[in-house]
Amino acid sequence: MEKFGFHKVSNHPSPGNATISHNRPAPVKFQKKLEVDNCPSNAIALSNCVAVSPSDFDIPDKSPVLLDGQFVYSISKNENVKPGTVGLAGNMRLWGKWSLKQSVAVEAYDVFSNGNQTYLGALDLMIDFRKKSSSHANPVKHEDLVEQFMNMYENQILQPTQSIVMEFRGNIFQILVVSVQVIDLGKVGKADAVKPQTDISAKGILINQTQVNFYPHEGSIINISSSGGTRHPKHPQAKPIINPDFKLDQLGIGGLDEEFSQIFRRAFASRIISPDLVSKLALRHVKGLLLFGPPGTGKTLIARQIGKMLNVREPKVVNGPEMLSKYVGASEENIRKLFKDAETEYKQKGDNSQLHIIIFDELDSVFKQRGSARSDGTGVGDNVVNQLLAKMDGVDQLNNILIIGMTNRLDLIDNALLRPGRFEIQIEISLPDEKGRKDILLIHTKKMRENNLLDKDVDFDELAALTKNFTGAELEGLCNSATSFAISKFTKKESLAQVDDSIAKMQLCRNDFLLALNEVKPAFGVNEEDLTDAAPHGIIPYSPRINSLFEKGQSFIDEVRSSETERLISILLHGPPGSGKTAIACSLALNSDFPFVKMLSAESLVGMSEGQKISAIDNIFRDVYRSPLNILVIDKIETLINYVPIGPRFSNDILQVLMVNLNKKPPNGRRLLIIGTTSHYSVLKHMNLVDCFTKTIGVPQVSTTEELMKIMTKIGFMSQNDREAIVSQLDDMGHTLAIGIKKLLQVLMNSRYLNANVDSVVENIVEAHLS
């Protein structure tokens, strides 16, 4: 507190104790309606007092009054003022937006109505010559300005945005109160924690110990020098743009601590330091921040809540499609209107204007690539993109804007918007990790815990582990589903629309969440049903070659998981039809314990045109980068590219899409294992598609009767004697088996349901071998 020049205040003054001359007389209450008139003299105007008639006021001269419930001034009694009027100088009328002859409410103001915080600890002022014609660049000492200001206005009540006209050595200056620091002199030790305030409601008494700082107004040539001849700083200390009291959990956002840290470091680092330091470092403020990622990960929630953590104007939130209009030029006009307030303030205050935030949701719906098939074809989309480009980083640059965009499809946005100077910061809001999922679950169940509606058996660590690849929105849906299961236990049997009175004792338990897990499935999770259907009998290790194949596959899985260099590995399983390639690929994927497993097969693309297939394949490859560890199974590649042997014919466009994506490295440290299957290895070899895979592995057929015996035993086919009879007959025939396990299992299952005898089974196996 010593830096403000304050000493301890005592109610019993002595030679060693300072005193404050402000007493607290009982306030005189009154309220009058007076008519606004001109100030009767320059002396009163320069004293920053309002002129009143002595007959209208019986309170002491220089007493504070409140005008229209907002503006505080001291009165100056003057016989030249007409009764029923109040004399206001031009700068006062401009500040309060009063016109001559207008009625204004004047009432008593109790300076101590806000408690003990009534004194100004610090005061930031912007100063400029009132008339440009009389301005000059001769040095003006800061200390002399402060002395004159104190002599003129000590003991007056000042507040932010107030305009004051002051005479100094023959010059008339226009002064603007930028910020004030209101303190309680009785709490000296806590003065350092007091923050500057810029709101007009902050008011305080100017005392001799107030630290007064003068700064040149933006564009002014006034030359303010400090003691020793050094030039005084040009700008006041930057107001903290980030509210230091906010916490992420209060915003209802969890699992995004790292992303928030990156946003603040890159987007706001240059805005939390003083303008002088910004100038010395030659920093350029970031104007655009783009958040992208899967739906439901919290992009819009971040943007919606960002205003609560920043000391800035209320953000403007617009949905992308709202910008478009059927009228010519209206869409571009909508973009210009978004920037109008920022432009107006920047012209008036320059770098001292507040930060204006504009939030665009669904950015890709409007600002698509110009001149491409992705545009709307009317030219309106191109014009809207051009208008935004010009406003963000055009000829007339604004330094007081930050545009936050959100999109699920970064690839659709025009490239010119993604360069430095526009949306140069692009942050992926990806799927939350296990810790993030726990944080999100704790946020959504916070009120349940506070109201004792959560059973003690609910383990959030367990739930976080069970919800791999859940987005924040899906975790919220999980909590809602669990709540519905808990409520359903209290519905009356005779009426589903009524609940028992005992519902007041309701608590959500672990089983409610487990039931909800069966109901709420992640959009980017493991599609286990498709994968398990590929191997209904599981994997039968009928040959050492199968065990060797799985060992190789597991080694590739381990390499993708832990290698520092190999983040993309692709395996091609090839072999005759029915040899079990798809079952092996799906089993490897399921047993990998990777959080994200996706299957791409021709069955999922049936009915699509070639363009739609390309788009679907592109989306699947984009999805497999959502998680840190990913596996993609591409089944029957020859069918996927529309290959037919008659001709032969295939889709070159689909082939090129596959070749490009098979060689594309996963972004942001993600890891991907691709397992492909084909029954036409030679065809893919001629297409050069095999070269896109890291490793090719042949899948064998069932070739011996010993292998056949293991398979029949594994599935419990017939009795041991019958199995031995089947093998014996095949051996006696001298046939060399060469049959895929899938076809063999179909034959055995068909024979089981036909109640076939040993001879019939042997006959069916031979037919399958020869076909």
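Conventions we followed
Residues numbered from 1 in each chain as written. Predicted model: local features only at pLDDT ≥ 70, side-chain atom pairs only at ≥ 80, totals over all residues. Heavy atoms only, no water. UniProt positions renumbered as here; feature names shortened; annotations may be inferred. Buried < 20%, exposed > 50% of the residue type's maximum accessible area, 1.4 Å probe, protein only. Helix = DSSP H or I, 4+ residues; strand = E, 2+ residues; numbered from the N terminus. Pairing = 2+ DSSP bridges. Core = buried A, V, L, I, M, F, W, Y, C linked by side-chain atoms within 4.5 Å. Domains from an automatic or database assignment. Contact = heavy atoms within 4.5 Å. pLDDT = per-residue confidence, 0-100.

Per an unreviewed UniProt entry, the protein goes by Vesicular-fusion protein SEC18 and derives from Pichia sorbitophila. In its Function (unreviewed entry) section, the UniProt entry covering the protein states "Required for vesicle-mediated transport. Catalyzes the fusion of transport vesicles within the Golgi cisternae. Is also required for transport from the endoplasmic reticulum to the Golgi stack. Seems to function as a fusion protein required for the delivery of cargo proteins to all compartments of the Golgi stack independent of vesicle origin." Checking UniProt for the protein, the heading Sequence similarities (unreviewed entry) contains the comment "Belongs to the AAA ATPase family."

1. What to know about the pairing of strand E7 (residues 119-129)
Working note: regular strand, side chains alternate between the two faces of the sheet. Most of E7 sits inside the fold, with eleven of its eleven residues counted as buried. Of the strand pairs in this sheet, E7 and strand E11 (residues 171-183) are connected by ten bridges, and their pairing is antiparallel. The residue bridging Leu123 from the neighbouring strand is Val180, located in E11. Pairing analysis gives six bridges linking E7 to strand E13 (residues 211-216), with the strands arranged parallel. Looking at E13, one finds that Met126 is bridged to Tyr215.

2. Focus: the nonpolar core
Counting residues in each nonpolar core, the largest one holds 52 residues, and the members touching the most others are Leu673, Ile711, Ile726, Leu748 and Ile765. Taken domain by domain, this core gets at least three of its residues from each of domain 5 (528-698) and domain 6 (705-770). If near-sequence neighbours (up to four positions away) are discounted, Ile726 is found in contact with Leu708, Met712, Phe717, Met718, Val758, Val761, Val762 and Ile765.

3. A word on the confidence of the model for the protein
Parts of the prediction with low pLDDT should not have their coordinates interpreted in detail. With 86% of its residues at a pLDDT of 70 or more, the protein shows a mean pLDDT of 83. In the predicted structure, residues 1-23 sits below a pLDDT of 50 and forms 39 contacts with residues beyond four places in sequence or in another chain. Low pLDDT (under 50) marks residues 188-192, which in the prediction has seven contacts with non-local residues, meaning those over four places away or in another chain.

4. What to know about the side chain of His285
For His285, the location among the structural elements is in the loop between helix H5 (275-281) and strand E15 (288-292). Residue His285 is classed as buried on the basis of its relative accessible area of 11%. With sequence-adjacent residues up to four places away left out, His285 is seen in contact with Ser270, Arg271, Val278 and Asn399.

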